[in-house]
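The primary structure of each chain is shown beneath.
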Amino acid sequence: MARLGIHRDFLMEFAGLEKHVQKRVFEVFEKFAAATHAGLHLEKLTHQRDPRLRTIRITDFWRGVILKSDQGDGYLLLKVLPHDKANHWAANHRASVNAASQGIEMRDDVALERATTELWAATRQDGTRLFAESAYPDKVLRSLGVDAEIIPIVRLIPDEAHLEALHRVLPEQQYDVLLGLASGMSPEAVDREVVQVYATASRDATGQAADPLDAAMTHARGRIALVSGTEELREILERPFDAWRVFLHPSQYRIAYQESYRGPAQVLGGPGTGKTVVALHRALHLARRLPADAPDGCILLTTYTRALAVELERCLGLLIADDRLRAKITVINVDALAYDVVRGTHGGSPVKLVTDQKEIKARWARIIRRLNLNFADVFLDQEWRHVVLAGPRTCATPRPTSRPPATDAARPCRPSNDCRRGAPSKRSNSNCTSWASGPSCRSARKPPAA
């Protein structure tokens, strides 16, 4: 049976096509997903860098570019371009397997050769090198997945600006490795944070696949999505702008689909690094692990505002097509959750919100009398508003109260349409999103046990 993969770039370009062209693309490639493609003509080009790259007719004007396995029945959809551009792209590019991660990579051989020549001419009078051999021997670079064909151009890069200019030319994982080194990470840290993340991204890639292309696609999670049939292909192509549903950076996937954290877990990352995407996929993963008799709403996904809760609801609707599975997840903002908890302790009757300051002080006074406290009502009110609600502060002198430190948590970012580099990291100290590591089949409306 054919094994079909979709490259992330394919989906991004598909989103920009006219509707009638999109329809024709699906009609062509659904035959691969359904393994009824035997009669389709895959055209080889003359003087191409990789004989496995083929083109296929979509319309008189548009052609698709496909990587065909030479040892099995695997196919990777790479591009949909106008006829001449498709042929040019297929002639200049080549697929290879990263030595460290075993994932497939695409490279533009012609652009790399041109960049090497231009870099040599531009830097031959300047001895500055970003990746000098004395600091990064060939053996170290090769161990991180930078292959022998890329090392010569790496040796010519003078600074980070030139490295950034090669972003679209270098194979993606090798660029990530070089960017990590350029940012000051040690080779050991790059191996741990980049290489091993790619190498262990897929649980399904541990076995020996009969088709090398199949195995290489499985190891390229974050760039390639494997399609199991026509319906899955249709679902992906119907929402091409929502690529976050399908393509997760390996570090995002590792966090979201970890079996268990043995307790609460916190994910840290700057704005735009995909923390919310991770939280959505984590909720899906936990819902899938629930027993069949688990009650609806027993997984809680919460955020700070009602608007963000509505957005999370919408995103979950895109991510989870199964209504029964979706019903296992409760999405609610923190204030509404607190209100529900308090209301539940009062038998479900409406809760009166007190805003009058005189009434608030009167209630503090009643608490003081009931508990026989040696505090004034004004003091307790100020402590509550300026200490407890205000969060942590730095004081010149110690305060006469002892309490556990609060935890800062900024609002999570919205899911982006593409999976950006710099995915969530446990080492960052910026915004954070946290969630429970395992399903708890209590009602999400009930207060936690003490």
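Since the structure is predicted, the reported quantities are computational estimates derived from the model, not experimental observations. (Residues numbered from 1 in each chain as written. Predicted model: local features only at pLDDT ≥ 70, side-chain atom pairs only at ≥ 80, totals over all residues. Heavy atoms only, no water.)

### Some points on the overall build of the protein chain
Tallying secondary structure elements over the protein chain gives 18 helices and eleven strands in all. Taken across its 450 residues, the protein chain has 46% of its residues classed as buried. Of the accessible surface of the protein chain, which amounts to about 24200 Å², a share of 52% is contributed by carbon and sulfur atoms. (Helix = DSSP H or I, 4+ residues; strand = E, 2+ residues; numbered from the N terminus. Buried < 20%, exposed > 50% of the residue type's maximum accessible area, 1.4 Å probe, protein only. Areas by Shrake-Rupley, 256 points an atom, 1.4 Å probe, with all protein chains shown as cover.)

### Thoughts on the nonpolar core
Leu-280, Leu-301 and Ile-329 are the most contacted members of the largest nonpolar core, which totals 32 residues. Listing elements by their share of this core, those giving two or more residues are α12 (250-256), β8 (265-268), α13 (275-289), β9 (299-303), α14 (306-319) and β10 (329-333). The leading source of residues in this core is α13, at eight residues. Sequence-distant contacts of Leu-301, that is, excluding residues within four places in its chain, are made with Ala-279, Leu-280, Leu-312, Leu-316, Ile-329, Thr-330, Val-331 and Ile-332. If you look at the next biggest cluster of nonpolar residues, it comprises 28 residues, including Leu-119, Val-154, Leu-170 and Val-177. (Core = buried A, V, L, I, M, F, W, Y, C linked by side-chain atoms within 4.5 Å. Contact = heavy atoms within 4.5 Å.)

### Focus on the environment of Arg-49
Within the fold, Arg-49 resides in the loop between α2 (19-33) and β2 (53-57). On a C-alpha basis, the gap between Arg-49 and Arg-94 in space is 5.8 Å, while along the polypeptide they are 45 residues apart. Here the side chain of Arg-49 touches Glu-113 through a polar contact of 2.9 Å, side chain to side chain. (Polar contact = N/O pair within 3.5 Å; in protein donor to acceptor, adjacent residues only side chain to side chain.)

### As for the pairing of strand β5 (residues 93-97)
In terms of burial, β5 is largely enclosed, as four of its five residues are buried. Judged from the five bridges that link them, β5 and strand β6 (residues 104-108) form a sheet pairing that is antiparallel. Following the sheet pairing, Ser-96 is matched in β6 by Glu-105. (Pairing = 2+ DSSP bridges.)

### Regarding the pairing of β9
Regular strands have side chains that alternate between both faces of the sheet. The alternating pattern of β9 places Ile-299, Leu-301 and Thr-303 on a buried face, while none of Leu-300 and Thr-302, on the opposite face, is buried. The sheet contact formed by β9 and β10 spans five bridges and is parallel. Pairing of Leu-300 across the sheet is with Thr-330, part of β10.

### Points about the packing of α2 against helix α11 (residues 230-238)
Two elements in contact, α2 and α11, have axes separated by 9 Å at closest approach and are oriented at 145°. Here the hand of the crossing between α2 and α11 comes out right-handed. Here Phe-26, Phe-29, Glu-30 and Ala-33 of α2 come into contact with α11, specifically with Thr-230, Leu-233, Arg-234 and Leu-237. Here the contact of α2 with α11 is composed, by residue class, of five nonpolar, one polar and two charged. (Axes fitted to C-alpha atoms, helices over the stretch in contact; angles between N-to-C directions. Left-handed = near helix turned anticlockwise from the far one by under 90°. Nonpolar A, V, L, I, M, F, W, Y, C, P; charged D, E, K, R; others polar.)

### Let's talk about the side chain of Glu-105
Residue position: Glu-105 is located in strand β6. Buried and without a salt bridge, Glu-105 has Arg-107 as its closest oppositely charged side chain, separated by 4.1 Å. Of note is the side chain of Glu-105, whose polar atom sits 3.0 Å from the side chain of Gln-174. Setting aside residues up to four positions removed in sequence, Glu-105 forms contacts with Arg-94, Ala-95, Ser-96, Asn-98, Pro-171, Gln-173, Gln-174 and Arg-223. (Lys, Arg positive; Asp, Glu negative; His and termini not counted. Salt bridge = Lys/Arg side-chain N within 4 Å of Asp/Glu carboxyl O.)

### What to know about the pattern of salt bridges
Using the criterion set out here, one finds 22 salt bridges in the structure. Arg-52 is paired through a salt bridge with Asp-50; the nearest N and O atoms lie 3.0 Å apart. On the accessibility criterion, Arg-52 (24% relative accessible area) is partly exposed. Its salt-bridge partner being Glu-235, residue Arg-245 comes within 3.8 Å of it at the nearest N-O pair. With Arg-245 in the loop between α11 and α12 and Glu-235 in helix α11, this residue pair connects regions lying ten residues apart in the sequence. Classification of Arg-245 by relative accessible area gives buried; the value is 9%. Looking at Glu-235, the relative accessible area reads 29%, which means it is partly exposed. Through salt bridges with shared partners, a single ionic network connects Arg-94, Arg-107, Asp-109, Asp-147 and Glu-149.

### Things to note about the sheet that holds β2
Read from one edge of the open sheet, five strands run β2-β3-β4-β1-β7, paired in mixed fashion. Looking at strand neighbours, the two that pair on one side only are β2 and β7 (224-227), the edges of this open sheet. If you compare each strand with its neighbour and ignore which way they point, the axes differ by 30° on average. Across seven bridges, the pairing between strand β3 (residues 62-68) and strand β4 (residues 74-82) is antiparallel. Across the sheet, Ile-66 pairs through a bridge with Leu-77, a residue of β4. Strands in contact with helix α3 (residues 83-92) are β2, β3 and β4; relative to β4, the strand with the most contacts, it is inclined by about 135°. Across the sheet, α11 touches β1 (3-7) and β7, and the angle it forms with β7 is around 140°.

### Concerning helix α18 (residues 377-388)
In this model α18 runs 15 Å from its N-terminal to its C-terminal C-alpha over twelve residues, within 8% of the 16 Å that 1.5 Å per residue would give. Buried within α18 are the following residues: Leu-380, Asp-381, Glu-383 and Val-387. Where α18 is buried, its residues meet α17 (357-371). (Expected span 1.5 Å × (residues − 1).)

### What to know about a nonpolar patch on the surface
Residues Leu-371, Leu-373, Phe-375 and Phe-379 make up a contiguous nonpolar surface patch of about 350 Å² in total accessible area. With respect to the secondary-structure elements, Phe-375 resides in the loop between α17 and α18. We classify Phe-375 as partly exposed; its relative accessible area is 44%. (Patch = residues over 30% accessible without salt bridge, like charges linked within 9 Å, V, L, I, M, F, W, Y side chains within 5 Å.)

### What about the packing of helix α1 (residues 8-15) against α2?
One can describe the packing of α1 onto α2 by two numbers: an axis separation of 10 Å at closest approach and a directional angle of 145°. When the axes of α1 and α2 are compared, the crossing they make is left-handed. Where α1 abuts α2, its residues Phe-10, Phe-14 and Ala-15 lie against Gln-22, Val-25 and Phe-29. A per-class count over the contact of α1 with α2 returns five nonpolar, one polar and no charged.

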